[in-house]
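Tertiary structure, described
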Amino acid sequence: MNKRKKPLYQEFTKGIIKQNPVLRLVLGTCATLAITTSFVNGLGMGLAVIVVLVCSNVVISLLRKAIPNKVRIPAYIIVIASFVTIVQMIVKAYIPVLDQALGIFLPLIVVNCIILGRAEAFAGKNSVIASALDGLGMGIGFTAALCTMGLLRELVGAGTIMSGLQSLLSIFGDHVLGGFDGIDLYEVFPALEKLSFEPITLFLLPSGGFFTFGILMAITNRIAEGKGEKKAELHDCGSCPMAASCRMKPEEEKKEESA
Amino acid sequence: MKFYFALLLMGLLTQNFILAKFLGICPFLGVSKKLNTAAGMSAAVIFVMCLATAVCYPINLFLESHDLAYLQTIVFILVIAALVQFLETVMKKYMKPLYRALGIYLPLITTNCAVLGVVILNVDNGYNFPQSMVNSFAAGLGFGLAMILFAGVRGRIENNDIPKFMEGLPITLVAAALVSLSFLGFTGIIEGMGLM
């Protein structure tokens, strides 16, 4: 199946930095902006997406010869929605704190374009092991981007680092990581309070989300340019799941403009 | 009546789908380059949101009466996807002018989190049928308002000299941050008017 004969481990590594789904492919922006108000939320969302992405990639790859081409998108959506429902139930039962933090964005993983995009661009054409590795790599890339954004916004917006980590990890037991439950800068540096240094709450608000994402993207663009790669762009029809049925192709847009 | 007006204001200003709730960011960044495409997309979204709510409301009643509420996510997304496909086919066959205006945006809406989002929010908030419809319409209008405003902002950006590393998406996102910041000014308007 794989014509380029890339080594298998590359399917895993490409998603983490080179084709990072959030910062390079610009997929799943809604969830990225909305839930990254803290590191823990980003991590929780990332873990949920990893589970759904790996499972749906494996199942879709297994079914790739059984699914008729014409109805593949609805079929993919059913597979993805089933796994999202399972994850939703698990989170509701075992980590209710996370369920409250993610709110509507937990069921909305169904329409997260990373998952449908990977199903369409990769899992529908490649072997099971390659698809699982691809899903895992992309999921970790997504999680890494969310955690970075969450860390920044939490630090500037609330003056804490990884606060509430224990409640997320409580599913594994009471004292994971030696009971580490984040750092409150105001406790570590009491001087901050004396100087009446206040966190910039704006960064926790929607506007701060857009701003942080913009700055992060500028930085990654700069790094990518230094390595001779092109900038992240939204109109990357190759990664969009709707490309097959969509008539808003870039060429047509250009024609429209010149007309 | 007061509550409906509050819903309308919330959808348009304080709880704007794009600028406060981050639903439908992809079309917001992707299709807001020109005013006419932004307007077309918004009209399609308003239309599909209202239709999806009207269809999903009775379905949800059925699911809840049979203890199947956990199937909501699967059923809603399938209903919306089927609905959009059906709508496209019918429009193509019987409503040519409307299809030319809205048709190209319809496939983009199938996997738009704003549409599924509004349906789930209506259910989560326990709105009854008229409330759900007003909420969906308001959410769609708010989506349109943000899209159209932002299309204007982007027009301005294009005529300016931007630092090279900020060109493209980064400056668009920072501009979105500023638009979102201005919408923050509406906070409290509903309480202030005594609607809630």
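The structure reproduced in this document is the subject of the present report.

In terms of regular secondary structure, chain A is built from 12 helices and 2 strands. Ordered by position from the N terminus, the helices and strands of chain A form the series α-α-α-α-α-α-α-β-α-β-α-α-α-α. Taking all 259 residues of chain A together, the buried fraction comes to 50%. Sequence-distant contacts in chain A: of pairs separated by 6 or more residues, those separated by 24 or more amount to 74%. Counting every atom, chain A has about 12300 Å² of accessible surface; 66% of that belongs to carbon and sulfur.

A tally of helices and strands in chain B yields 10 helices and 0 strands. Starting at the N terminus and ending at the C terminus, chain B contains elements arranged as α-α-α-α-α-α-α-α-α-α. Taking 2.2 N^0.38 as the reference for a compact globule, 196 residues should give roughly 16 Å; the C-alpha atoms of chain B span a radius of gyration of 18 Å, in line with that estimate. Expressed as a percentage of the 196 residues in chain B, the buried residues total 52%. In chain B, which carries 11 positive and 8 negative side-chain charges, the distance between the mean positions of the two groups comes to 14 Å.

The description of two helices packed together rests on the angle between their axes and the distance between the axes. All names here are of chain A. Viewed as axis vectors pointing N to C, helix α3 (residues 39-62) and helix α7 (residues 128-158) meet at an angle of 165°, and their least axial separation amounts to 8 Å. By the criterion of interaxial angle, the relationship of α3 to α7 is roughly antiparallel. Of the two elements, α3 crosses α7, and the hand of that crossing is right-handed. Per-class residue counts for the contact of α3 with α7 are 20 nonpolar, 9 polar and 2 charged.

Membership of the largest hydrophobic core comes to 126 residues, with the highest contact counts inside it found for Met45, Phe105, Leu108, Ile109 and Phe210 of chain A together with Phe28 and Leu116 of chain B. The contact partners of Met45 of chain A, leaving out residues within four places of it in the chain, are Ala31, Ile35, Leu102, Phe105, Ile109, Phe142 and Leu146 of chain A.

This part covers the interface of chain A and chain B. The interface of chain A with chain B comprises 48 residues on the first partner and 48 residues on the second. Both faces combined, the contact of chain A with chain B buries some 4100 Å², and carbon together with sulfur accounts for 77% of it. If you look at where chain A meets chain B, you find 1 salt bridge. When the shortest N-O distance is used, the salt bridge between Glu225 of chain A and Lys164 of chain B registers 3.9 Å. When contributions to the side of chain A that touches chain B are tallied by element, the ones reaching two or more residues are α2 (29-35), α4 (72-94), α6 (113-123), α11 (206-226) and α12 (250-258) of chain A. Residue contributions to the side of chain A that touches chain B peak at 12 residues, all from α11 of chain A. Of the residues that constitute the side of chain A that touches chain B, the class distribution is 32 nonpolar, 9 polar and 7 charged.

Glancing now at a nonpolar patch on the surface. Residue and element names in this part refer to chain A. There is a patch of nonpolar side chains on the surface, built from Ile86, Ile90, Tyr94, Ile171 and Phe172 and spanning about 540 Å² of accessible area. Mapped onto the secondary structure, Phe172 falls in the loop between α8 (165-169) and β2 (183-184). We classify Phe172 as exposed; its relative accessible area is 65%.

We now examine unusual backbone geometry. Residues and elements named next belong to chain B. Phi is positive for Phe22, which is not a glycine, with a value near 60°. Along the chain, Phe22 turns up in the loop between α1 (2-14) and α2 (25-30). For Phe22, a relative accessible area of 3% corresponds to the buried category. Backbone geometry places Asp67, a non-glycine residue, at a positive phi of 60°. Along the chain, Asp67 falls in the loop between α3 (35-65) and α4 (72-94). By relative accessible area, which is 66% here, Asp67 ends up exposed.

This part takes up α7 of chain A. Here α7 of chain A contains 31 residues, and its C-alpha end-to-end distance of 43 Å stays within 8% of the 45 Å for a straight helix at 1.5 Å per residue. Where α7 of chain A terminates, the next one or two residues include Gly159 of chain A, which has phi positive at roughly 75°.

Looking now at the pattern of salt bridges. All names here are of chain A. Enumeration according to the criterion identifies 5 salt bridges over all chains in this entry. With its nearest N and O atoms 2.8 Å apart, the salt bridge here joins Asp134 to Lys14. You can see Asp134 sitting in helix α7 and its partner Lys14 sitting in the loop between α1 (8-13) and α2, a full 120 residues away along the chain. Relative accessible area serves as the criterion here: at 0%, Asp134 is assigned to the buried category. In this structure, the salt-bridge partner of Arg118 is Asp134, at a minimum N-O distance of 3.0 Å. Of this pair, Arg118 sits in helix α6 while Asp134 sits in helix α7, placing them 16 residues apart in sequence. When sorted by exposure, Arg118 lands in the same class as Asp134, which is buried. Counted as one network, the salt bridges with shared partners bring together Glu11, Lys14, Arg118 and Asp134.

Our focus in this paragraph is the environment of Glu64 of chain B. Within the secondary structure, Glu64 of chain B sits in helix α3. When neighbours within four sequence positions are excluded, Glu64 of chain B is seen to be in contact with Ala69, Gln72 and Val123 of chain B.

Residues and elements named next belong to chain A. Inspection of the secondary structure assignment puts Ser56 in helix α3. Using a relative accessible area of 1% as the deciding quantity, one classes Ser56 as buried. At 3.3 Å, the side chain of Ser56 and the backbone oxygen of Leu53 are in polar contact. Apart from the residues lying within four places of it in its own chain, the contact partners of Ser56 are Val79, Ile80, Phe83 and Ile115.

A word on the packing of aromatic side chains. Summed over all chains, the structure comprises 7 aromatic pairs over all chains. One aromatic cluster in this structure is built from Phe210 of chain A together with Phe22, Phe28 and Phe150 of chain B.

Definitions and limits used
Residues numbered from 1 in each chain as written. Chains lettered and ligands numbered in written order. Predicted model: local features only at pLDDT ≥ 70, side-chain atom pairs only at ≥ 80, totals over all residues. Heavy atoms only, no water. Helix = DSSP H or I, 4+ residues; strand = E, 2+ residues; numbered from the N terminus. Buried < 20%, exposed > 50% of the residue type's maximum accessible area, 1.4 Å probe, protein only. Contact = heavy atoms within 4.5 Å. Areas by Shrake-Rupley, 256 points an atom, 1.4 Å probe, with all protein chains shown as cover. Rg over C-alpha atoms; globule rule 2.2 N^0.38 Å. Lys, Arg positive; Asp, Glu negative; His and termini not counted. Charge placed at Lys NZ, Arg CZ, Asp CG, Glu CD. Axes fitted to C-alpha atoms, helices over the stretch in contact; angles between N-to-C directions. Parallel < 35°, antiparallel > 145°, perpendicular 65-115°, else oblique. Left-handed = near helix turned anticlockwise from the far one by under 90°. Nonpolar A, V, L, I, M, F, W, Y, C, P; charged D, E, K, R; others polar. Core = buried A, V, L, I, M, F, W, Y, C linked by side-chain atoms within 4.5 Å. Buried area = accessible area lost by both parts, 1.4 Å probe. Salt bridge = Lys/Arg side-chain N within 4 Å of Asp/Glu carboxyl O. Patch = residues over 30% accessible without salt bridge, like charges linked within 9 Å, V, L, I, M, F, W, Y side chains within 5 Å. Expected span 1.5 Å × (residues − 1). Polar contact = N/O pair within 3.5 Å; in protein donor to acceptor, adjacent residues only side chain to side chain. Phe/Tyr/Trp six-rings, centres within 6.5 Å; stacked < 30°, edge-to-face > 60°.

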